[in-house]
Amino acid sequence: MDSEQKVILVTGVTGFVGQQMVQHLTQFSYEVVGVARAAAARLPAALKRNLTEYISCDFTNQAAVDALIREIRPTYVLHLAGQANAAKAWQAPLVTCESNAAGTLNLLEAIRKYSSATKRIVSVGSSHEYTLVSSPPALVETMPTVPASPYGWSKLLQTTICQMYAKSFALPVIVARTFNLIGPGARQGVFGQLINDVVKLEKNHALKNEIQIGNTQIERDFLDVRDAVRAFLLLAISEQPASGQVYNVCSGQSQSIQTLLDCLQQASKRSFHTAVNEVFIRPNEPQTIVGDPGQLQQATGWQRQINLTSSVLDALQFARCLK
């Protein structure tokens, strides 16, 4: 990086990934503008301190997005905003597609019209975009993309929009196709729910020392969110990534849910046992999902730094400190 002052626009700044992204950026001399739907008064104090500026904006509102980009004209954009709850997408597919696909369309169109100085846009995708089979090899970016869920389709639409703007309008946008993110601040997904359950047991001994869980033998590619945000920034500032290209952001290793549980049981201040609840078991769920980060590594030199145990310990400590 050089010493020239640059403006980074981070969308979805109030979310799990967004807050970690801003924390990572404090190490550098960027002007960091955060954007989310929330009113400024509702932002956590620590997040406010780490931002140069915060702007409330709904990305499904084209006029609001146009005004945002005309004002900021960012050097780099890290697009993390969107509906990230895969389970919610089954109940609200329209809202999910509007948030993920239409929101991205509005952002890219505004940049095309009003911000020719923008050097790179990194749009965060999802491993849910891939065609997931029962026993796949490590997923690489050229593999088929026929999603099995409304969330996966919404993210694939988002990726397709990015590739259209890269090809048709030469917009410098790339996609960071992200796998299962874990670590401090996680509240959704299996990892977030397990962290919350353990902390509740620790704080309330009146609760039965049991955690209900689904299939503990399935394996997923877990990556610490702090490693992921490093990858997003490297993709933004590196010279090699080509516009329209997709890059897997993943560990390259699969770990079972049981391995997560074993780490939690060792780290918990209160012993607990688990019970299988079939409500949490999804039909036809692939046994293993693992990605190949080779293309990301080649383009940026990125390497995973935080192991699963550290992610669990840090996430537990973070959750314990919440009121």
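Residues numbered from 1 in each chain as written. Predicted model: local features only at pLDDT ≥ 70, side-chain atom pairs only at ≥ 80, totals over all residues. Heavy atoms only, no water.

Draft legend 1. The arrangement of the nonpolar core in detail. In terms of nonpolar packing, the biggest core is built from 37 residues, with Val10, Met21, Leu25, Leu78, Phe232 and Val249 touching the most fellow members. In terms of residue count, the dominant contributor to this core is helix H8 (residues 225–237) (eight residues). Look past the residues within four positions of leucine 78 in its chain and what remains in contact with it is Ile8, Leu9, Val10, Thr11, Met21, Leu25, Val122, Phe232 and Ala236. (Core = buried A, V, L, I, M, F, W, Y, C linked by side-chain atoms within 4.5 Å. Buried < 20%, exposed > 50% of the residue type's maximum accessible area, 1.4 Å probe, protein only. Helix = DSSP H or I, 4+ residues; strand = E, 2+ residues; numbered from the N terminus. Contact = heavy atoms within 4.5 Å.)

Draft legend 2. A look at helix H11 (residues 308–321). Helix length check: H11 (14 residues) gives 20 Å between terminal C-alpha atoms against 20 Å at 1.5 Å per residue, within 8%. Within H11 the residues assigned to the buried category are Leu308, Ser311, Val312, Ala315, Leu316, Ala319 and Arg320. For H11, the arc enclosing every buried residue in end-on projection is 160°, short of the 170-degree limit, so these residues lie on one face. Along its buried surface, H11 packs onto strand S7 (180–182), helix H7 (189–203), strand S10 (222–224), H8, strand S12 (255–256) and helix H9 (257–267). Here H11 starts with a cap whose side-chain oxygen sits 3.3 Å from the backbone nitrogen of threonine 309, and that cap is asparagine 307. (Expected span 1.5 Å × (residues − 1). Arc of directions from axis to C-beta. Polar contact = N/O pair within 3.5 Å; in protein donor to acceptor, adjacent residues only side chain to side chain.)

Draft legend 3. How the structure looks around the packing of helix H3 (residues 62–72) against helix H5 (residues 93–114). Closest axis-to-axis distance for the H3/H5 pair is 9 Å, and the angle between their directions is 45°. On the basis of the axis angle, H3 is oblique to H5. Our pair here, H3 against H5, has a crossing hand that is right-handed. Judged by residue contacts, Gln62, Val65, Asp66, Ile69 and Arg70 of H3 engage Asn106, Leu107, Ala110, Ile111, Lys113 and Tyr114 from H5. For the contact of H3 with H5, the class distribution of residues is six nonpolar, two polar and three charged. (Axes fitted to C-alpha atoms, helices over the stretch in contact; angles between N-to-C directions. Parallel < 35°, antiparallel > 145°, perpendicular 65-115°, else oblique. Left-handed = near helix turned anticlockwise from the far one by under 90°. Nonpolar A, V, L, I, M, F, W, Y, C, P; charged D, E, K, R; others polar.)

Draft legend 4. Region of the structure containing the sheet that holds strand S3 (residues 53–56). Across the sheet, which stays open at both edges, the seven strands sit in the order S3-S2-S1-S4-S5-S6-S11 with parallel pairing between neighbours. Edge strands, defined here as strands with exactly one partner in the open sheet, are S3 and strand S11 (246–249). Here the strands of the sheet are splayed against their neighbours by 20° on average, with no regard to which way each runs. As defined by bridge partners, strand S4 (residues 76–79) adjoins strand S5 (residues 120–126) across four bridges and the pair is classed as parallel. Of the residues in S5, the one forming a bridge with leucine 78 is valine 122. Where helix H1 (residues 16–25) meets the sheet, its contacts fall on strand S1 (7–11), strand S2 (31–36) and S4, and the angle it forms with S1 comes to roughly 160°. (Pairing = 2+ DSSP bridges.)

Draft legend 5. Structural context of a nonpolar patch on the surface. A contiguous nonpolar surface patch, about 250 Å² in accessible area, is contributed by Leu105, Met164 and Phe169. With respect to the helices and strands, the residue phenylalanine 169 is situated in helix H6 (residues 150–169). Looking at phenylalanine 169, the relative accessible area reads 40%, which means it is partly exposed. (Patch = residues over 30% accessible without salt bridge, like charges linked within 9 Å, V, L, I, M, F, W, Y side chains within 5 Å. Areas by Shrake-Rupley, 256 points an atom, 1.4 Å probe, with all protein chains shown as cover. Salt bridge = Lys/Arg side-chain N within 4 Å of Asp/Glu carboxyl O.)

Draft legend 6. Expanded view of the pattern of salt bridges. Tallied over the entire structure, the rule returns nine salt bridges. Salt-bridge contacts for aspartate 58 lead to arginine 37; the nearest nitrogen and oxygen are separated by 3.4 Å. A residue pair is termed long-range when its members are at least 10 positions apart, and aspartate 58 in the loop between S3 and H3 and arginine 37 in the loop between S2 and helix H2 (45–50) qualify at 21 residues. Owing to a relative accessible area of 29%, aspartate 58 belongs among the partly exposed residues under this scheme.

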